[in-house]
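# Observations on the three-dimensional arrangement
Now for the letters of each chain:
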Amino acid sequence: MSKLTKKQLLFVEEYLIDLNGAQAAIRAGYSKNSAKEQSSRLLTKANVQELLTKRKSERSQRTKIDADYVLNRLVEIDEMDVADILDNEGNALPINQWPMCWRRTISGLDLQELMTGDIQTVVRKIKWPDKVKNLELIGKHVDVQAFKEQKQLSGDLTVTNLVAEISKRNAEQRTVLPKMTKK
C-alpha cells in the first residue's frame, strides 16, 4: 500500500464518522468548494479504500457489531409481538416487565392522562418500528431481492440495439386514430 498524506489519513478517519465524503473532506481540511470532487477522487484510490476497509473491520471487532449482529437484530424486531407487553385484559405491562427487545426497539412512548368528569383515563401510544422497512432490510441483507424490480434482457445488447428495441416496442404500443373527414 502506498503511503497516504496526513490530509488523506485524516479524511479516512473523518469519513468513518458518518460516511459522508464531502463533509469528511471539509473536516480533513479540503476546500468546501471542491469537497465533493475531492471525496469522490479519494474514495476511488486503492490505498484509501484499503485503509477504510481495515478501519471498518477494526471497528466491527471493537464494537462486536457485524453483519450477523445486524441480521439478528432485524429478525428480533420482526418477531416482536404486542402480546409480550400486554396483560390478559389488554393493559400495558409496566415497562420493566417488557422483554429487552421491546425496550431497545420502540422509538416512542406517549402517556396522556385524560379527565372526563370523575373518570381518569390514561392513553398510551407506543411507536413500533416500521415492520415493512424491517423486512425490506432483512431481504436486502440476505440478498432475497424481493423488493427489487428486475427486467431481463436477452440477445445482442448494444446501445444501438437497445434504442431500436425500445423504439419498436413504443411504436407497437401506439394506437393509430383514423383520420377525421369533413362532411
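Residues numbered from 1 in each chain as written. Predicted model: local features only at pLDDT ≥ 70, side-chain atom pairs only at ≥ 80, totals over all residues. Heavy atoms only, no water.

## Describing the nonpolar core
Counting residues in hydrophobic clusters, the biggest one holds 14 residues, and the most contacted among them are Phe-11, Val-12, Tyr-30, Val-48 and Leu-52. Mapped by element, the contributors of at least two residues to this core are α1 (6-18), α2 (21-27), α3 (35-44) and α4 (46-63). Broken down by element, the residue count for this core peaks at four residues, all from α1. Counting residues in hydrophobic clusters, the runner-up holds seven residues, among them Met-80, Ile-85, Cys-101 and Ile-106. (Core = buried A, V, L, I, M, F, W, Y, C linked by side-chain atoms within 4.5 Å. Buried < 20%, exposed > 50% of the residue type's maximum accessible area, 1.4 Å probe, protein only. Helix = DSSP H or I, 4+ residues; strand = E, 2+ residues; numbered from the N terminus.)

## Details of α1
Along α1, the positions that sit buried rather than exposed are Gln-8, Phe-11, Val-12, Glu-14, Tyr-15 and Leu-16. Residues of α1 that are buried make contact with α2, α3 and α4. Backbone geometry just after α1 places Leu-19 at a positive phi near 55°. (Contact = heavy atoms within 4.5 Å.)

## Quick notes on unusual backbone geometry
Positive phi values are uncommon outside glycine, yet Leu-19 reaches one of about 55°. Within the chain, Lys-64 stands out as a residue other than glycine whose phi angle is a positive 60°. Among the secondary structure elements, Lys-64 is positioned in the loop between α4 and α5 (67-78).

## Some details on the packing of aromatic side chains
A full pass over the atoms with the stated rule returns two aromatic pairs. Ring centres of Trp-98 and Trp-102 lie 6.2 Å apart, and the angle between their planes is 75°; on these two criteria the pair is classed as edge-to-face. A relative accessible area of 4% places Trp-98 in the buried class. Relative accessible area serves as the criterion here: at 1%, Trp-102 is assigned to the buried category. (Phe/Tyr/Trp six-rings, centres within 6.5 Å; stacked < 30°, edge-to-face > 60°.)

## Quick notes on the pattern of salt bridges
Scanning all chains against the criterion turns up six salt bridges. Its salt-bridge partner being Arg-73, residue Glu-76 comes within 2.4 Å of it at the nearest N-O pair. Of this pair, Glu-76 and Arg-73 are both found in helix α5, three residues apart, which corresponds to roughly one turn of the helix. For Glu-76, a relative accessible area of 26% gives the class partly exposed. The salt bridge partner of Arg-104 is Glu-76, with a shortest N-O separation of 2.7 Å. Here Glu-76 lies in helix α5 and Arg-104 lies in helix α6 (residues 100-105), a separation of 28 residues in the sequence. (Salt bridge = Lys/Arg side-chain N within 4 Å of Asp/Glu carboxyl O.)

## Considerations on the environment of Ala-24
By the secondary structure assignment, Ala-24 is in helix α2. A residue is classified by how much of its surface remains accessible, and Ala-24, at 0% relative accessible area, is buried. Separated by 14 residues in the primary sequence, Ala-24 and Leu-10 have C-alpha atoms spaced 8.4 Å apart. Excluding residues within four positions of it along the chain, Ala-24 makes contact with Phe-11, Glu-14 and Tyr-15.

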